Amino acid sequence: MKTARRNQYLWMGALFVFLALVPLFADNNYYITILNQMVINMIVVFGLNFITGLTGQMNLGTAGIYAIGAYTSALLSKNFGLSPWLTMIASVCAGFLLGRGLGYPSLKMKGVYLSLTTLAFSEIVRIFATNLIDITGGTQGLKSIPRFSVGWIALDTNTKYFYFILVVAIAMCLLSIRITDSKWGREFRAVKDNQDAIESLGLDIRRIKIRAFTLAAMYGAFGGALYAHFNGYITSLSFTTDLSINYVIILMVGGIGNILGNMIGSIVVTLLPELLRFLGDYYQITYCILVLASALFLPDGLISLYGKVMGVFNKRSVAEGGE
Amino acid sequence: MDNPEVVLEVLDLVKRFDGLVAVDHLNFKVRRGKIHALIGPNGAGKTTTVNMITGENPQTEGDVLFEGKSISGRPVYARAQMGIGRTFQNIKLFSAMTVTENLMIGGQSKTTQSLLKYLADFRSARKEERHLREKAKEVLNFIGMYQYRDEIVNNLAYGRQKMTELGRTLMGEPKLILLDEPAAGLNPSERKEFIEIIQKVFETGVDMFLIEHNMDVVMNLSHDITVLNFGCKIAEGNPKEILVNEEVISAYLGEGYRRKMAKGAEGNA
């Protein structure tokens, strides 16, 4: 168990190093843009992993959370001239409040309520963003959202911004690992494993779920804010249910509940549409077939492939045989 | 109201499922320092009673007193925190996790560290985690499961899983444990071991309330017995009294059991 986990950390490190090296070989704005989006997706999925991956509660509202994060930071920095550093913190706080506010009513009950309320919430956010044209710019969008600087380095190019969010992603990854390996992570996994047993152990299942959901909302809102400042432009057209589903797909394809899986999923699913672009009209259907195939043949995600190939996960049980 | 002799008391407990009365004005007391058994035929309302005590499926009428205080209306986790532990008829473990992890979760309601403090203060968090692990190790030693500590629960035999569940309950330091059919599905040697462990746990000062079909287990372990039939209490007393109670024999034990007991060694009861 221990070595398997250490190997995963090594792989995570290797992936981050690899991502950091990519701009050196492909200094092309198109690729760098994709890289930025990839790492932002990674941060959002690290969050989604808490509630949907570890705790097993389907959250279909990531787009709404992401949008709230994006608009909070964009509007505050643009309209009030606040430093994006402050407004990004405000976004994370908005995520926190959102997690609590939305989690409390929808997680009080067992079952699919979270999926439904988050889905509805996400749509409400999108409709508001579309129609409050005076504030959000509607489908025309908000333009010239400011970039910012880290110390004396202005993040004026996409490459610089990429390195900034890569560092952020590494920090978020470490945070995820710490929480996952803690007693809270254990509680999350326990809820997914056997809901009925939790309460009889003196643990309040609602609080556990709300905590996981709040973490997801904080990560998601942060991701949204990073996206807004990266893109410099946001429109309500981007925050559709498709986006929410896309994050669930990333989670599934990479491997539910596994942080290395989240990284792999973000990389593969963000790249896939670009790699399939040459197919032209057939791109969408090929993409869907690949996702479907992954769900059918690799229900535990690409990460399970790694386990099978390396034999790391089953080494113990093979060596010791059945009980 | 507070009677130090009694750990748990149910007062006029009624459970209705629509028109069906599953438990009808049930009264009994679980005495401190005793093992209390609840027996009766299938469908008599035994598990329903346990679920009313734990709060998983609260009563329609009546009251449940734990250590003299009414716990009606309290959520399941609050009752567990007060010291009511339980095991399930069909094991409810975290099957994808190791035995140690299962036990650690069982002890987590006693931990105090908050998430923010954990993220800020690496050392005290580690200390708490280590403490929890040590405690799990102690409990595993106590129930004779130490060698299985790193096994994934799903890979364990049924008897070992039952033992893991008991260990997980013990981690919460309960004052009273409700055992829902502890011997069901166990082979004779596992059953014997389980009885010994229950006895051992009891001797550390934990009161026990058990539902059981296996009369050998009941007669071996319990001091007090309550017999249910169709949701009503039909008898109450010590094992000797129950064995000769005509109503219990006709409703539950059957004539065959009386003959078996008469033939068998007297020491059994």
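Source: prediction; values computed, not measured.

### Focus on the overall build of chain A
- Scanning chain A for helices and strands turns up 15 helices and two strands.
- Its C-alpha atoms give chain A a radius of gyration of 20 Å, near enough to 20 Å, the size a compact globule of 323 residues would have.
- In terms of overall dimensions, chain A has C-alpha extents of about 65 × 50 × 45 Å along its principal axes.
- Of the roughly 14,500 Å² of accessible surface on chain A, 68% is carried by carbon and sulfur atoms.

### Here's the deal with the interface of chain A and chain B
- At the junction of the two partners, chain A supplies 26 residues and chain B supplies 38 residues.
- Together, the buried faces of chain A and chain B total about 2,900 Å²; carbon and sulfur atoms form 56% of this surface.
- Across the chain A-chain B interface, the total number found is four salt bridges.
- The residue A:D196 makes a salt bridge to B:K92 at a minimum N-O spacing of 3.7 Å.
- Summed over the shared surface of chain A and chain B, the result is 14 residue pairs in polar contact (both at pLDDT 80 or more).
- Among the elements of the structure, α7 (158-180), α8 (183-193), α9 (195-198) and α15 (315-320) of chain A are those that each provide at least two residues to the side of chain A that touches chain B.
- Considering each element in turn, the side of chain A that touches chain B owes the most residues, seven residues, to α8(A).

### A few points about the nonpolar core
- Core analysis: the largest hydrophobic core is formed by 104 residues, its most contacted members being A:L19, A:L226, A:I234 and A:F239.
- The element contributing the most residues to this core is helix α10 (residues 205-231) of chain A, with 16 residues.
- Those residues in contact with A:F239 that lie beyond four places of it in its chain are A:A63, A:Y66, A:A67, A:A70, A:Y71, A:R126, A:Y227 and A:I234.
- Residues B:V99, B:L132, B:L140 and B:Y257 belong to the second largest nonpolar core, which totals 50 residues.

### A closer look at the side chain of A:H229
- Secondary-structure assignment places A:H229 in helix α10.
- Look past the residues within four positions of A:H229 in its chain and what remains in contact with it is A:S73, A:S77, A:P84, A:T87, A:M88, A:I145, A:P146, A:R147, A:F148 and A:Y161.

### Some remarks on the sheet that holds strand β2 (residues 20-31) of chain B
All names here are of chain B.
- Spatial strand order, β2-β1-β4-β5: four strands in an open sheet with antiparallel pairing. Of all strands in the sheet, those bounded by a partner on one side alone are β2 and β5 (69-70).
- Where strand β1 (residues 6-17) meets β2, eight bridges bridge the pair, whose relative direction is antiparallel. Each residue of the ladder has a partner; that of V10, found in β2, is F28.

### Focus: the pattern of salt bridges
Residues and elements named next belong to chain B.
- Applying the stated criterion across every chain yields a total of 20 salt bridges over all chains.
- Between R32 and E67 there is a salt bridge; the shortest N-O distance is 3.5 Å. Within this pair, whereas R32 is found in the loop between β2 and β3 (35-39), its partner E67 is found in the loop between β4 (61-66) and β5, the two being separated by 35 residues in sequence.
- Two residues, K192 and E196, come together in a salt bridge whose shortest N-O distance is 3.7 Å. In this pair, K192 and E196 both sit in helix α7 (residues 188-203), four residues apart, roughly one turn of the helix.
- Classification of E196 by relative accessible area gives partly exposed; the value is 47%.
- Taken together, the shared-partner salt bridges in this structure form one network comprising R32, E67 and K175.

### Brief notes about unusual backbone geometry
Residues and elements named next belong to chain B.
- Although it is not a glycine, D18 sits at a positive phi angle of roughly 50°.
- Inspection of the secondary structure puts D18 in the loop between β1 and β2.
- Classification of D18 as exposed rests on a relative accessible area of 78%.
- Positive phi values are uncommon outside glycine, yet E173 reaches one of about 50°.
- Position of E173 relative to the elements: it lies in the loop between α6 (158-171) and β7 (176-180).

### A look at the environment of B:A136
Residue and element names in this part refer to chain B.
- The residue A136 is located in helix α5 (residues 122-142) in this model.
- Placed 81 residues apart in sequence, A136 and G55 show a C-alpha to C-alpha distance of 26 Å.
- Contacts of A136, omitting those with residues within four sequence positions, involve T100, L103, M104 and M171.

### Quick look at the layout of surface pockets
- Considering only enclosed or pocket space, the second largest pocket measures out at about 880 Å³ in volume.
- Around the second largest pocket sit 33 residues that line it, and A:R100, A:W184, A:R207, A:R211 and B:L115 are the ones nearest its centre.
- When residues of the lining of the second largest pocket are traced back to their parent elements, those giving at least two are α4 (84-107), α7, α8 and α10 of chain A together with α2 (76-82) and α4 (115-120) of chain B.
- Top element by residues in the lining of the second largest pocket is α10(A). It accounts for nine residues.
- Across the lining of the second largest pocket, the residue classes break down as 18 nonpolar, nine polar and six charged.

### A closer look at the domain arrangement of chain B
Residues and elements named next belong to chain B.
- Domain annotation of chain B identifies domain 1 (1-82 + 200-269) and domain 2 (84-173).
- For domain 1 and domain 2, the distance between their C-alpha centres works out to 28 Å.
- On the domain 2 side, the residues contacting the 15 residues of domain 1 number eight residues.
- Between domain 1 and domain 2, the buried area comes to about 940 Å², and carbon and sulfur atoms account for 63% of it.
- The largest share of the area that domain 1 buries against domain 2 comes from Q81, K200 and V201, three residues that together contribute 39% of it.
- With a shortest N-O distance of 2.3 Å, E56 and R86 are connected by a salt bridge.
- Our count for the domain 1 to domain 2 interface comes out at five residue pairs in polar contact (both at pLDDT 80 or more).

Cut-offs used in this document
- Residues numbered from 1 in each chain as written.
- Chains lettered and ligands numbered in written order.
- Predicted model: local features only at pLDDT ≥ 70, side-chain atom pairs only at ≥ 80, totals over all residues.
- Heavy atoms only, no water.
- Helix = DSSP H or I, 4+ residues; strand = E, 2+ residues; numbered from the N terminus.
- Rg over C-alpha atoms; globule rule 2.2 N^0.38 Å.
- Areas by Shrake-Rupley, 256 points an atom, 1.4 Å probe, with all protein chains shown as cover.
- Contact = heavy atoms within 4.5 Å.
- Buried area = accessible area lost by both parts, 1.4 Å probe.
- Salt bridge = Lys/Arg side-chain N within 4 Å of Asp/Glu carboxyl O.
- Polar contact = N/O pair within 3.5 Å; in protein donor to acceptor, adjacent residues only side chain to side chain.
- Core = buried A, V, L, I, M, F, W, Y, C linked by side-chain atoms within 4.5 Å.
- Buried < 20%, exposed > 50% of the residue type's maximum accessible area, 1.4 Å probe, protein only.
- Pairing = 2+ DSSP bridges.
- 1 Å grid on protein atoms, 1.4 Å probe; cavity = no way out; pocket = protein on both sides within 12 Å on 5 of 7 lines; lining within 4 Å.
- Points joined across faces, edges and corners; volume = space filled by probe spheres on them.
- Nonpolar A, V, L, I, M, F, W, Y, C, P; charged D, E, K, R; others polar.
- Domains from an automatic or database assignment.

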